[in-house]
Amino acid sequence: MEERFLGQRLLIVEDDALLGEAAADYFTGKGWKVWTEENGLGALAVLERESFHLILIDVMMPGMDGFSLCREIRKESDVPIIFITARVLEEDKLNGYSLGADDYVTKPFSLPVLYAKAMALTGRVMGRTGGEGVFLEAGDLKADVRKCQVWRGSQLLSLPPKEYDMLLFFLENPGRIFSREQLLIRFWGYDFDGNERVVDNHIKKLRKAIGSCGCTIETVRKSGYRLEVGR
């Protein structure tokens, strides 16, 4: 058992009580502190009084589904989220990622595999420097999430808030394609009155800001954008 994961706080939101209990028992046995809820409203109530290092959310729940719960959580928190789903449609996964989910596991799943994903995700967020910083890197870019700083080599970059948030998102998801619609929803919300051109404009500004850095935000024709390293 890795000592740095002892005492990690986990919220499991799963309407299948047996599955939720099995996952809770497994993580508890690894030294995590676990809360369980069977619906989205119950989860939101818990989140008003508790903080967590990771949240596991079942996509298909009665009342408030997992997507809606994720959207509500992202209004207040960047806590890592893994979706648990029996649905394997690509558009569902892309929708989840655009709402701010960090990973997926598909039912039926192996508890050791779920735990490995949880460790990898929370380990990345905790950082690789013993808690001194949380870093995301690609090419010559290095972002210190805790200090809200981005470096290109030895040069500290000055990024406006929107470009900074978009860059972190791409750094967290290298090689993954996101459509303009997904990026628009992720960074401007469903109620935004503008069009998708605003995404193009901010991508253009972000590219100019990071310059030549060993990675690039590529335009993928008829699909959207992705971060490519080594180009």
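Nothing here was measured: the structure is a model prediction, and the numbers come from that model.

A.B. asks: Just checking my understanding: could you explain the side chain of Glu 14 for this structure?
C.D. replies: With respect to the helices and strands, the residue Glu 14 is situated in the loop between strand E1 (9-13) and helix H1 (17-29). The buried category is assigned to Glu 14, whose relative accessible area is 2%. For Glu 14, the residues in contact, after removing those within four places along its chain, are Leu 19, Gly 20, Glu 37, Glu 38, Asp 58, Met 61, Ile 84 and Lys 107.

A.B. asks: So what exactly am I meant to see when it comes to helix H3 (residues 66-74) here?
C.D. replies: Spacing of three or four residues puts side chains on the same side of an α-helix, whose turn is 3.6 residues. Where H3 is concerned, the buried positions are Gly 66, Phe 67, Leu 69, Cys 70, Ile 73 and Arg 74. Projected down its long axis, H3 shows its buried positions confined to an angular sector of 160 degrees, all on one face. Measuring from the backbone nitrogen of Phe 67 back to the side-chain oxygen at the start of H3 gives 3.3 Å, which picks out Asp 65 as the cap.

A.B. asks: For this particular structure, what's the right way to read the sheet that holds strand E2 (residues 33-37)?
C.D. replies: The strands that make up a sheet are held in pairs by hydrogen bonds between backbone atoms, and each pair lies either parallel or antiparallel. What the five strands build is an open sheet, ordered E2-E1-E3-E4-E5; its pairing is parallel. Because the sheet does not close on itself, it has two edges, and the strands there are E2 and strand E5 (103-106). Within the sheet, the average angular offset between the axes of one strand and its neighbour, ignoring direction, is 20 degrees. Strand direction decides the pairing type here: strand E3 (residues 54-58) and strand E4 (residues 81-85), joined by four bridges, are parallel.

A.B. asks: Mind showing me how you'd approach the sheet that holds strand E7 (residues 141-144) here?
C.D. replies: The strand order across the open sheet formed by four strands is E6-E7-E8-E9, and the pairing between neighbours is antiparallel. Single-partner strands in this sheet number two, and they are strand E6 (135-138) and strand E9 (155-157). Each strand axis lies, on average, 25 degrees off the axis of its neighbour in the sheet, ignoring direction. As paired strands, E7 and strand E8 (residues 149-152) are joined by four bridges and run antiparallel to one another. By the bridge assignment, Leu 141 is partnered in E8 with Arg 152. Running at roughly 75 degrees to E6, helix H6 (residues 161-172) makes contact with E6, E7 and E8 of the sheet.

A.B. asks: Can you walk me through the packing of aromatic side chains in this structure?
C.D. replies: Each aromatic ring pair is characterised by the separation of its centres together with the angle its planes make. On inspection of all chains with the given rule, the structure shows twelve aromatic pairs. With a centroid separation of 5.1 Å and 85 degrees between ring planes, the pair formed by Trp 35 and Phe 52 is classed as edge-to-face. Taken together, the positions of Trp 35 in strand E2 and Phe 52 in the loop between helix H2 (40-47) and E3 put the pair 17 residues apart, joining distant regions of the chain. Residue Trp 35 is classed as partly exposed on the basis of its relative accessible area of 25%. Three or more aromatic residues joined by ring pairs form one cluster here, namely Phe 169, Phe 170, Phe 178, Phe 187 and Trp 188. Just above the ring of Phe 52 sits the side chain of Arg 9; from NZ or CZ to the centre is 5.9 Å.

A.B. asks: Explain the layout of surface pockets here, please?
C.D. replies: In this approach a probe as big as a water molecule rolls over the atoms, and the regions it shows empty are the leftover space. Put simply, the second largest pocket is a space of about 180 Å³. Along the walls of the second largest pocket sit Leu 44, Leu 47, Glu 50, Ser 51, Phe 52, Ile 55, Glu 72, Ile 73, Lys 75, Glu 76, Ser 77 and Val 79, which together make up its complete lining. At the level of elements, H2 and H3 are the ones that each hand at least two residues to the lining of the second largest pocket.

Thresholds, definitions, all that
- Residues numbered from 1 in each chain as written.
- Predicted model: local features only at pLDDT ≥ 70, side-chain atom pairs only at ≥ 80, totals over all residues.
- Heavy atoms only, no water.
- Helix = DSSP H or I, 4+ residues; strand = E, 2+ residues; numbered from the N terminus.
- Buried < 20%, exposed > 50% of the residue type's maximum accessible area, 1.4 Å probe, protein only.
- Contact = heavy atoms within 4.5 Å.
- Arc of directions from axis to C-beta.
- Polar contact = N/O pair within 3.5 Å; in protein donor to acceptor, adjacent residues only side chain to side chain.
- Pairing = 2+ DSSP bridges.
- Axes fitted to C-alpha atoms, helices over the stretch in contact; angles between N-to-C directions.
- Phe/Tyr/Trp six-rings, centres within 6.5 Å; stacked < 30°, edge-to-face > 60°.
- Lys NZ or Arg CZ within 6 Å of the ring centre and 35° of its normal.
- 1 Å grid on protein atoms, 1.4 Å probe; cavity = no way out; pocket = protein on both sides within 12 Å on 5 of 7 lines; lining within 4 Å.
- Points joined across faces, edges and corners; volume = space filled by probe spheres on them.

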